[in-house]
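Architecture and fold: a report
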There are 2 protein chains.
Amino acid sequence: MLLKDNPIGVFDSGVGGLTVLREIIDALPNESVIYFGDTARCPYGPRDLKEVERFVLEIVDFLSRQGVKMVVIACNTGTAAGLVSAQKEFKNLPIIGVIKPGAQAAFETTKNKKVGVIGTVGTISSSSYHKALLEFDASIEVFAKATPEFVDFVERGEVEGAKIEEVARSYLEPLKAAGIDSLILGCTHYPLLYPVIKKIMGDGVEVISSAKETAREVKNILERKALLRNSSNPVYRFLSTGDPQEFLRLGRLFLGKEITQVEKVILK
Amino acid sequence: MLLKDNPIGVFDSGVGGLTVLREIIDALPNESVIYFGDTARCPYGPRDLKEVERFVLEIVDFLSRQGVKMVVIACNTGTAAGLVSAQKEFKNLPIIGVIKPGAQAAFETTKNKKVGVIGTVGTISSSSYHKALLEFDASIEVFAKATPEFVDFVERGEVEGAKIEEVARSYLEPLKAAGIDSLILGCTHYPLLYPVIKKIMGDGVEVISSAKETAREVKNILERKALLRNSSNPVYRFLSTGDPQEFLRLGRLFLGKEITQVEKVILK
């Protein structure tokens, strides 16, 4: 039974998905959320997709037993590896990922049907955004580029300055030269680099955050299902499979506000 | 070059697509529209899909030469047969159909993941809604039913009364018994039967109009592309390949307001 007052479950391999939570809080300030960071097994990117699929099913199972009213896989690799299986296994739970909302926004935005996508090596090599874009418009030309160093910069908190600009320029100039008019940030870490990326891409390119688009879709879904929470005073719980102190430190960066408590979880 | 002041092109095999136009006018009262009804070759339903694909490409070509800023295939058979080819052939034009917006709304709405779809024999046997629903959630159970007699009732203007209720009941009871909580009206004629269908399905079932959802998507797209028309006094043009008098008479029923002029068009 899905109840209005129950929390939304949001999870990621680590703290990156907190950029999605941030957008959900902005769009839906009344909603309670359980955020689950699988930091003990982070990152998912280099792992076998079958293994990640198993992690996704474990975590959705855990969240469903916490009574969440919907689940957001706030992780690109997790979405690519486990969304379909999770939807099939947990039939009574609405479950969405971050890929389709980002792809749909780019489809709606592009005028010249030339769309760029940046993400980790895992996300880019899975071609998930490419496939999702073609489902909306079969003639969209996709220019995908893995930009793995961005993650390290963000996790160091180095989101501005000459060094990140230089790295960003070398990643992004080929996409700009290809004439894209829309660029999908296909990694939950990248919204923190929005100013640098936007500066390089310029006014002619719309920079699309999958985090923000996913929050829009969460709102649409809760509205349509008549599951919006009416009361204020939402409750946020943060769960982590790894070191809570590390989560606290990094989490603040991604969420944009203080996190006061992290609960350590052992799955099974 | 896509310009704000240019019209939206909307087409259908006949007058059914006027229910989509009606929703577009409601959602976007400033937009000018060219409506094209291919009444000389109506209905598309019983035709070979390859033939319909060719008709779709001809009409999109015609509309693009009229300078439309986007095209809406306001026809379920036309969408199933020609959307992908039209997107591929007319790369500089945003083109959408009616199937994905309806499917997405149902995906967002259903709680028990049991979705019903009604449409013509052609649309139902193409499984287009089924496929589109599974792209959003792989575990949605789809209960599809062809309800061809609805078209005749609507075209006779017989949208209420004991007879249509009896026919509707015999079509819809099995879907109700299957426990669906969302029902897609997968034919442009059916929004006119909304009251009858809603009465039979009851409060527990959300009745989703693909026409309305398509208009929402048109709005999203024009907003995202910064192509919304700012001025008032929109211009509506109605073009028909068949008898303009017949179009005038039936069109009024579907559009919900008077049509004063229909231009006869001969393709090529």
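Given the structure is predicted, the values throughout are model-derived calculations rather than measurements. (Residues numbered from 1 in each chain as written. Chains lettered and ligands numbered in written order. Predicted model: local features only at pLDDT ≥ 70, side-chain atom pairs only at ≥ 80, totals over all residues. Heavy atoms only, no water.)

**Brief notes about the overall build of chain A**
Cut-off, in case you're wondering: Strands here are runs of E lasting at least two residues and helices are runs of H or I lasting at least four, both read from the DSSP assignment and numbered beginning at the N terminus. To get the radius of gyration, use the C-alpha atoms; to get the globule rule, take the number of residues to the power 0.38 and multiply by 2.2 Å. Summary of the burial criterion: residues with accessible area below 20% of their type's maximum are buried, those above 50% are exposed, and those between are partly exposed, where the area comes from a 1.4 Å probe applied to protein chains only. What makes two residues a contact is simply this: any of their non-hydrogen atoms within 4.5 Å. To be clear on the numbers: accessible area is Shrake-Rupley with a 1.4 Å probe, and residue cover counts the displayed protein chains and nothing else. Positive: Lys, Arg. Negative: Asp, Glu. His and the chain ends are not part of the count. Where a charge lies is defined by one atom per residue type: Lys uses NZ, Arg uses CZ, Asp uses CG and Glu uses CD.
On a plain count of helices and strands, chain A comes out with 11 helices and 10 strands. Here the C-alpha atoms of chain A give a radius of gyration of 18 Å, agreeing with the 18 Å that 2.2 N^0.38 yields for 268 residues. When its C-alpha atoms are laid out on the principal axes, chain A stretches across 50 × 40 × 40 Å. Buried residues in chain A amount to 57% of all 268 residues. Expressed as a percentage of contacts within chain A between residues at least 6 apart in sequence, the contacts between residues at least 24 apart total 78%. Counting every atom, chain A has about 10800 Å² of accessible surface; 50% of that belongs to carbon and sulfur. Separation between the mean location of the 34 positive side-chain charges and that of the 34 negative ones in chain A comes to 3 Å.

**Overview of helix 6 (residues 128-136) of chain B**
Short version of the rule: Note that the arc is defined by the directions from the helix axis to the C-beta atoms.
Among the residues of helix 6 of chain B, Ser128, Tyr129, Ala132, Leu133 and Phe136 of chain B are the ones counted as buried. Down the axis, helix 6 of chain B shows its buried residues gathered within 130 degrees of arc, on one side only.

**A few points about the relation of the copies chain B and chain A**
Here the two chain copies are tied together by a rotation about an axis and a shift along that axis. Heads up, the rule is: Least squares is the method used to superpose the copies, on C-alpha atoms of residues holding a pLDDT of at least 70 in both.
It takes a turn of 180 degrees to lay chain B on chain A, together with a shift of 0.0 Å along the axis; the resulting RMSD is 0.0 Å. The operation mapping one copy onto its partner corresponds to a two-fold rotation axis. Every residue of chain B has its C-alpha some distance from the rotation axis, and the shortest such distance is that of Glu135 of chain B, at 4.3 Å. The fraction of interface residues of chain B whose copies in chain A are also interface residues reaches 100%, indicating that both copies meet through the same surface.

**So, the sheet that holds strand 4 (residues 95-96) of chain A**
All names here are of chain A. Rules: We treat two strands as partners when DSSP finds at least two bridges between them. For every element, the axis is a line fit to its C-alpha atoms; helices are fit only across the contacting stretch, and the angle between N-to-C directions ranges from 0 to 180 degrees.
Read across the sheet, six strands follow the order 4-3-1-2-9-10 without closing on themselves; strand pairing throughout is parallel. Strand pairing shows two members of the sheet lacking a second neighbour, strand 4 and strand 10 (263-264), which therefore form its edges. Sheet topology note: the strand 1 (residues 8-12)/strand 2 (residues 33-37) ladder contains five bridges and is parallel. Bridging across to strand 2, Phe11 finds its partner in Phe36. Across the sheet, helix 10 (residues 210-224) lies against strand 1, strand 3 (70-73) and strand 4, angled at about 165 degrees from strand 3, the strand it touches most. The sheet strands contacting helix 11 (residues 244-255) are strand 2, strand 9 (236-240) and strand 10, and the helix crosses strand 9 at an angle near 130 degrees.

**Brief notes about the packing of helix 2 (residues 49-65) of chain B against helix 3 (residues 76-89) of chain B**
Residue and element names in this part refer to chain B. Heads up, the condition is: Any angle that falls under 35 degrees is termed roughly parallel, while one over 145 is termed roughly antiparallel, one within 65 to 115 roughly perpendicular, and all others oblique. In this scheme the crossing of two helices becomes right-handed for a clockwise turn of the near helix relative to the far one and left-handed for an anticlockwise turn of less than a right angle. Any residue outside Ala, Val, Leu, Ile, Met, Phe, Trp, Tyr, Cys, Pro, Asp, Glu, Lys and Arg is labelled polar, Gly included; the first ten of those are nonpolar and the last four are charged.
At a minimum axis separation of 8 Å, helix 2 and helix 3 run at an interaxial angle of 55 degrees. Our classification of the angle between helix 2 and helix 3 gives oblique. You can see that helix 2 and helix 3 cross each other, and the crossing is right-handed. Contacts between helix 2 and helix 3 involve Leu49, Val52, Glu53, Val56, Leu57 and Val60 on the former and, on the latter, Thr77, Gly78, Ala81, Gly82, Ser85, Ala86 and Glu89. For the contact of helix 2 with helix 3, a count of residues per class yields seven nonpolar, four polar and two charged.

**What to know about the pattern of salt bridges**
All names here are of chain A. Operational definition: By convention in these notes, a salt bridge is any Lys or Arg side-chain nitrogen within 4 Å of a carboxyl oxygen on Asp or Glu.
Inspection of every chain in the model, using the stated rule, returns 40 salt bridges over all chains. Arg65 is the salt-bridge partner of Asp61, the closest N and O atoms lying 3.1 Å from each other. With a gap of four residues between them, Asp61 and Arg65 both fall in helix 2 (residues 49-65), about one helical turn apart. The exposed category is assigned to Arg65, whose relative accessible area is 58%. Taken together, the shared-partner salt bridges connect Asp38, Arg41, Arg54 and Glu58 into one network.

**Some words on the interface of chain B and chain A**
Basically, it comes down to this: Here the quantity called buried area is the total loss of accessible area, with a 1.4 Å probe, experienced by two parts when brought into contact, counted for both.
Contacts between chain B and chain A engage 31 residues on the former and 31 residues on the latter. Carbon and sulfur atoms make up 44% of the area that chain B and chain A hide from each other, which totals about 3000 Å². For the chain B face of the interface with chain A, the top three residues by lost area are Glu108, Lys111 and Arg224 of chain B, together amounting to 25%. At the junction of chain B with chain A, the criterion picks out four salt bridges.

**Let's talk about the confidence of the model for chain A**
Our working rule: One confidence number per residue, pLDDT, is output by the predictor and ranges from 0 to 100.
Per-residue pLDDT for chain A averages 95, and the proportion of residues at 70 or more is 100%. For this predicted complex, the interface score ipTM comes out at 0.90, alongside a pTM of 0.93.

**A look at the pairing of strand 8 (residues 206-209) of chain A**
Residues and elements named next belong to chain A. Put simply, the test is: For crossovers, right-handed means that the path from the first strand over the helix to the second runs clockwise, given strands pointing away from the viewer.
As paired strands, strand 7 (residues 182-185) and strand 8 are joined by four bridges and run parallel to one another. Looking at the pairing, Ile184 lines up with Ile208 of strand 8. Of the crossover connections in this fold, the one passing from strand 7 over helix 9 (residues 194-201) to the parallel strand 8 is right-handed.

**So, the packing of aromatic side chains**
Just so we agree on the cut-off: For this analysis, a ring pair means two rings from Phe, Tyr or Trp (six-membered ring only for Trp) whose centres lie within 6.5 Å, classed as stacked if their planes differ by under 30 degrees, edge-to-face if by over 60, and tilted for the remaining angles. We call a charge positioned above a ring when the Lys NZ or Arg CZ atom is no farther than 6 Å from the ring centre and deviates by at most 35 degrees from the ring normal.
One pass over the structure, following the stated rule, counts 16 aromatic pairs over all chains. Ring centres of Phe150 of chain B and Tyr171 of chain B lie 5.0 Å apart, and the angle between their planes is 90 degrees; on these two criteria the pair is classed as edge-to-face. In this pair, Phe150 of chain B sits in helix 7 (residues 149-155) while Tyr171 of chain B sits in helix 8 (residues 162-177), placing the two residues 21 residues apart along the sequence. Here the two residues Phe150 of chain B and Tyr171 of chain B agree in accessibility, since each one is buried. Seen in terms of ring centroids, Phe238 of chain B and Phe247 of chain B are 6.3 Å apart; in terms of plane orientation they differ by 55 degrees. Their pairing is tilted. An aromatic cluster is present here, built from Tyr35, Phe238 and Phe247 of chain A joined pairwise through their rings. Sitting over the face of the ring of Phe136 of chain B, Lys100 of chain A holds its NZ or CZ atom 4.7 Å from the ring centroid.

**Notes on unusual backbone geometry**
All names here are of chain A. Omega for the bond connecting Cys42 with Pro43 falls within 30 degrees of zero, at -5 degrees, which places this linkage in the cis form. Within the element layout of this structure, Pro43 appears in the loop between strand 2 and helix 2. Even without a glycine there, the phi angle at Asn233 is positive, about 55 degrees. When you line up the elements, Asn233 lands in the loop between helix 10 and strand 9. Residue classification places Asn233 among the exposed residues on the basis of a relative accessible area of 64%.

**Looking at the sheet that holds strand 5 (residues 114-119) of chain A**
All names here are of chain A. With respect to topology, four strands assemble into an open sheet ordered 6-5-7-8, the strand pairing being parallel. Strands at the two margins of the open sheet, each flanked by one partner only, are strand 6 (141-146) and strand 8. In this sheet, neighbouring strand axes are inclined to one another by 20 degrees on average, regardless of whether the strands run parallel or antiparallel. Where helix 8 (residues 162-177) meets the sheet, its contacts fall on strand 5, strand 6 and strand 7, and the angle it forms with strand 6 comes to roughly 170 degrees.

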